[in-house]
Amino acid sequence: MTTALLAMSHSPLLDYVDPPADVKAAVDESFAVARKFANDFDPDLVVTFGPDHYNGFFYELMPPYCIGYEALSIGDYGSQAGALNVPTEEAKGLAEYVLSQGIDTAVSLRMEVDHGAVQPLEILFGDIAAKPVVPVFINSVAPPFVPINRVRRLGQAVGEYFAQSDKKVLFIASGGLSHDPPVPRIATATPEQRAFLLGGGRHLTPEARDERQQRVITAGKAFAKGEADIMDLAPEWDKELMEILASGDLSPLDAWTTEWMTEVAGNSSHEVRTWIAAYSAMGACGAYTVNYSFYKPIPEYIAGFGVTTVIHA
Ligand SMILES: O=C(O)/C=C/c1cccc(O)c1O
Ligand SMILES: [Fe+2]
């Protein structure tokens, strides 16, 4: 067994709203480091822990987690559309092990994924099908959420499964950190938004897709000018999270309640669940050390933006 971890924020606005040149250069540099890390490691298999943004998973049936036996990228925000290269037998073996450990994951024989799952694959490998990938969805936008302890247990079970493997496995977390993009919420939804959240948002027409995306792009531009009606980023919260993850002892995160996370770091801060699961998976395979860490709050991307690479100590 050899495992490594790359945890990174994503933003659908990377190609749509430009931060100041020095910030963009710093982000590009962090992507270059991440790309070299992933390609030097040269994994036999990639396991992505990713959220969804009401493109593949809707309130008509919202699992806390789901392992894909096959997966299709829907191609939102200019991300690559099409099939991921999912090794189905490996995904099945993983799901069966996770379930055997008392973690009630769903499975999908045709998971639809969005930029949240595929953006890192494109940045790192240039193509979403370049590497065999087992996609693990973690609900990060649609309350109610499981407690953080259960996210850690999911990650631990995934790690235990691959600790037995003879493959080189790269865990990728995609999401977070603090952020509050204008994604409709069930608690405040209009009848039209409610229909969207229940499943009407699946397979949008090009016009409806464009309208949805333009709303977020406009919000990114306004947020950068301090004019958007969304929550501020929370850099102190982000840094505390990154420190706890780097420490190797994730148990303090069990005290982080859903309500508190939302209140301090925004409705989409729950995407950090992908980081917590992936770090737990890495920890289940042995002691680790963070050998690269980047962080900047970037309003143009509506994201507390972090990139870390992690190896075994
Ligand atoms: O509109 C969406 O589907 C997502 C928006 C978004 C914006 C900024 C950071 C993120 O992680 C997002 O998912
Ligand atoms: Fe996201």
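Residues numbered from 1 in each chain as written. Chains lettered and ligands numbered in written order. Predicted model: local features only at pLDDT ≥ 70, side-chain atom pairs only at ≥ 80, totals over all residues.

1. Quick notes on the UniProt feature "active site" (unreviewed entry) in the chain
Using the residue numbers shown here, the UniProt feature "active site" (unreviewed entry) corresponds to His-115 and His-179. Look past the residues within four positions of His-115 in its chain and what remains in contact with it is His-10, Pro-12, Asp-76, Tyr-77 and Ser-79. Turning to its location among the elements, His-179 is positioned in the loop between β9 (168–174) and α5 (191–200). (UniProt positions renumbered as here; feature names shortened; annotations may be inferred. Contact = placed C-beta atoms within 7 Å. Helix = DSSP H or I, 4+ residues; strand = E, 2+ residues; numbered from the N terminus.)

2. Focus: the site of ligand 1
Close to ligand 1 lie 13 residues, the nearest being Ser-11, His-53, Pro-181, Val-216 and Ile-302. Tallied by class, the residues present in the shell around ligand 1 amount to seven nonpolar, five polar and one charged. (Near = placed C-beta within 6 Å. Nonpolar A, V, L, I, M, F, W, Y, C, P; charged D, E, K, R; others polar.)

3. Concerning the packing of helix α4 (residues 148–163) against helix α9 (residues 272–284)
α9 packs onto α4 with a crossing angle of 40 degrees between their chain directions and a minimal axis gap of 7 Å. The pairing of α4 with α9 is recorded here as oblique in orientation. Crossing hand, α4 versus α9: right-handed. Residues Ile-148, Val-151, Arg-152, Leu-154, Gly-155, Gln-156, Val-158, Gly-159, Glu-160 and Ala-163 of α4 form the contact with α9, whose participating residues are Arg-273, Ile-276, Ala-277, Ala-278, Tyr-279, Ser-280, Ala-281, Met-282, Gly-283 and Ala-284. (Axes fitted to C-alpha atoms, helices over the stretch in contact; angles between N-to-C directions. Parallel < 35°, antiparallel > 145°, perpendicular 65-115°, else oblique. Left-handed = near helix turned anticlockwise from the far one by under 90°.)

4. Some remarks on the sheet that holds strand β5 (residues 82–83)
Spatially, the three strands line up as an open sheet ordered β5-β4-β7, and their pairing is mixed. The sheet terminates laterally at β5 and β7 (111–113), the two strands that pair on one side only. Pairing of strand β4 (residues 71–73) with β7 involves three bridges; the strand directions are parallel. Counted as the bridge partner of Ser-73 is Val-113 from β7. (Pairing = 2+ DSSP bridges.)

5. Description of the sheet that holds strand β3 (residues 65–68)
The strand order β6-β3-β8-β2-β9-β1-β11-β10 describes an open sheet built from eight strands, whose pairing is mixed. Sheet topology places β6 (106–108) and β10 (288–298) at the edges, where each strand pairs with a single neighbour. Ignoring which end each strand starts from, the neighbouring axes of this sheet average 15 degrees apart. Sheet contacts for helix α2 (residues 88–100): β2 (45–50), β3, β6 and β8 (133–138); angle to β3, the most-contacted strand, approximately 150 degrees. Strands β1 (2–8), β2, β8, β9, β10 and β11 (303–312) of the sheet are contacted by α9, whose axis makes an angle of about 160 degrees with β9.

6. Here we look at the pairing of β2
The buried count for β2 comes to five of six residues, which makes it a mostly enclosed element. Direction of pairing for β2 relative to β9: parallel, over a ladder of five bridges. Directly across from Val-47, in β9, lies its bridge partner Phe-171. (Buried ≥ 20, exposed ≤ 12 C-beta atoms within 10 Å, placed from the backbone.)

7. What about the nonpolar core?
Counting 72 residues, the largest nonpolar core has Val-158, Phe-171 and Ala-278 as the members making the most contacts within it. Of the residues forming this core, the biggest block, eight residues, is contributed by α9. For Phe-171, the residues in contact, after removing those within four places along its chain, are Thr-3, Leu-5, Val-47, Phe-49, Ala-278, Ala-281 and Met-282. Val-17, Val-27, Ile-298 and Phe-305 belong to the second largest nonpolar core, which has eleven residues in total. (Core = buried A, V, L, I, M, F, W, Y, C linked by C-beta atoms within 7 Å.)

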